[in-house]
Amino acid sequence: MVRWLGKEARKKLLVLYNRVWTEGKLPGSWKEAVVVPIKKPGKDPSKPSSYRPISLTSNLCKIMERMIVERLSFDLEKRGLLANCQSGFRKARNTCDSIIRLENEVRKAQACKETVLAVFFDIEKAYDMLWKEGLLIKLHRLGVGARGFNWIRDFLCERKIQVRIGSACSSQYTVENGTPQGSVISPLLFIIMINDVFGAVSGSVGRSLFADDGAVWSRGRNVEYLGTKVQGAINGVVEWGLDWGFRFSVEKTKTVFFTRKRVREDLKLRMYGEEVERVSSFKFLGVVFDSRLTWKNHIDRIEEKCKKVVNVMRCLAGRDWGASCSALKRLYQALIKSVFD
């Protein structure tokens, strides 16, 4: 819609943006969101926690958010204020950075006949639980001030939501905490909030972040000593969460021993007084890491996923009937080639 506005209408829109930027006050409609729950793959549809709340917000606000993100990201990157281990929502970085960092550490351990003990964290309701005042404190510490600070503060305050399922909408409610999932600026604000999550972790412990998907690991021959180091890292992360209003999910947090040796079953790690589950493989940023790094589980998963698509394509294909070659090719590129890539 905005793309097809005339020259005069665009000038009026620019005047609006400049006024909002100068005064630091957003229109009330820009802070209203319609939340559409999207079911997570493979989850129980009867449980509310199985749905991801996606917020539909004002398109005019999203355009201005994009301007703020470009300026703020450039400033933070230029001054080197974002943690080097954070690969999420940053230019020239992606999931491969975190995956290769961990894979490289495990390969080194295998070459030296050592063990890598890794813990994969999960934050409960990461975006919904974001503490607004804590984020403003961190923005101030990073030197984000003046009009940018005022704009973000007003963007976060007095937000209202209503849930829509089908054509039915709920009443409107004011949101106390969190930042809307689906807005342009939310990912950047979130990585600023968790930028120092590993601040209390020892420098000898490896760490990786992609948005809210975090991992820490340690490499060595003495497995008991590795357990002590990683347990210290877990304690540091938990303390950080208590300070800044986050809680990590014990149920979804997992630990993996990457080794070809037998590891004692009684060697356990704990979080919030509960045992962290030990698994032989874990899906980290779309890649399944197994304890021996054979990639067998990952390859089997890809094969199983693609076989289902091939069976569907068989039903659609036919010499004298069915989908055209171009349609089948698009299906292949979208559902099979994308998985390989």
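For clarity, every value in this text was computed on a predicted model and none was experimentally measured.

*Asks:* What am I meant to see in helix α5 (residues 146-156) here?
*Replies:* Residues three or four positions apart in an α-helix share a direction because the helix packs 3.6 residues into each turn. For α5, the complete set of buried residues consists of Gly 148, Phe 149, Trp 151, Ile 152, Asp 154, Phe 155 and Leu 156. Contacts from the buried residues of α5 go to α1 (7-23), α2 (59-78), α4 (132-141), β4 (159-165) and α6 (186-193). After α5 finishes, the residue Glu 158 shows a positive phi value of roughly 55°.

*Asks:* How do you make sense of unusual backbone geometry when you look at a structure like this?
*Replies:* Note: most residues except glycine have negative phi, and most peptide bonds are trans. Despite not being glycine, Glu 158 has its phi angle at roughly 55°, a positive value. Along the polypeptide, Glu 158 turns up in the loop between α5 and β4. By relative accessible area, which is 59% here, Glu 158 ends up exposed. Notably, Tyr 272 is not glycine yet its phi reads approximately 55°, a positive angle. By secondary structure assignment, the location of Tyr 272 is in the loop between β10 (270-271) and β11 (274-275).

*Asks:* Explain the pairing of strand β8 (residues 213-220) here, please?
*Replies:* Along any regular strand, the residues point their side chains to alternate faces of the sheet. Summarising burial for β8: six of the eight residues are buried, a large majority. Bridging between strand β3 (residues 115-121) and β8 involves seven bridges; their strand directions are antiparallel. Across the sheet, the residue bridging to Val 119 is Val 216, located in β8. Where strand β7 (residues 206-210) folds back onto β8 in an antiparallel hairpin, the turn is made up of two residues, including Ala 211, whose phi is positive at roughly 55°.

*Asks:* Looking at this structure, how should I read the UniProt feature "domain: Reverse transcriptase" (unreviewed entry) in the chain?
*Replies:* Mapped onto this numbering, the UniProt entry annotates "domain: Reverse transcriptase" (unreviewed entry) at residues 19-289. The span residues 19-289 is 34% helix and 24% strand, and its two end C-alpha atoms sit 51 Å from each other.

*Asks:* How should I be thinking about the nonpolar core in this particular structure?
*Replies:* What tends to happen in soluble globular proteins is that the nonpolar side chains get buried as a cluster. Phe 121, Trp 151 and Phe 198 are the most contacted members of the largest nonpolar core, which totals 63 residues. Among the elements of the structure, α1, α2, β3, α4, α5, α6 and α7 (223-244) are those that each provide at least two residues to this core. Among the elements that line this core, the one with the most residues is α7, at nine residues. Ala 109, Phe 120, Val 287 and Leu 293 belong to the second-largest nonpolar core, a separate cluster that totals 19 residues.

*Asks:* Looking at this structure, how should I read the side chain of Arg 90?
*Replies:* Following the sequence through the fold, Arg 90 ends up in the loop between α2 and α3 (95-111). Looking at Arg 90, the relative accessible area reads 9%, which means it is buried. Polar side-chain contacts of Arg 90 include one of 2.8 Å to the backbone oxygen of Gln 86. The residues contacting Arg 90, other than those within four sequence positions of it, are Glu 77, Leu 82, Ala 83, Asn 84 and Ile 191.

Calculation notes
- Residues numbered from 1 in each chain as written.
- Predicted model: local features only at pLDDT ≥ 70, side-chain atom pairs only at ≥ 80, totals over all residues.
- Heavy atoms only, no water.
- Buried < 20%, exposed > 50% of the residue type's maximum accessible area, 1.4 Å probe, protein only.
- Helix = DSSP H or I, 4+ residues; strand = E, 2+ residues; numbered from the N terminus.
- Contact = heavy atoms within 4.5 Å.
- Pairing = 2+ DSSP bridges.
- UniProt positions renumbered as here; feature names shortened; annotations may be inferred.
- Core = buried A, V, L, I, M, F, W, Y, C linked by side-chain atoms within 4.5 Å.
- Polar contact = N/O pair within 3.5 Å; in protein donor to acceptor, adjacent residues only side chain to side chain.

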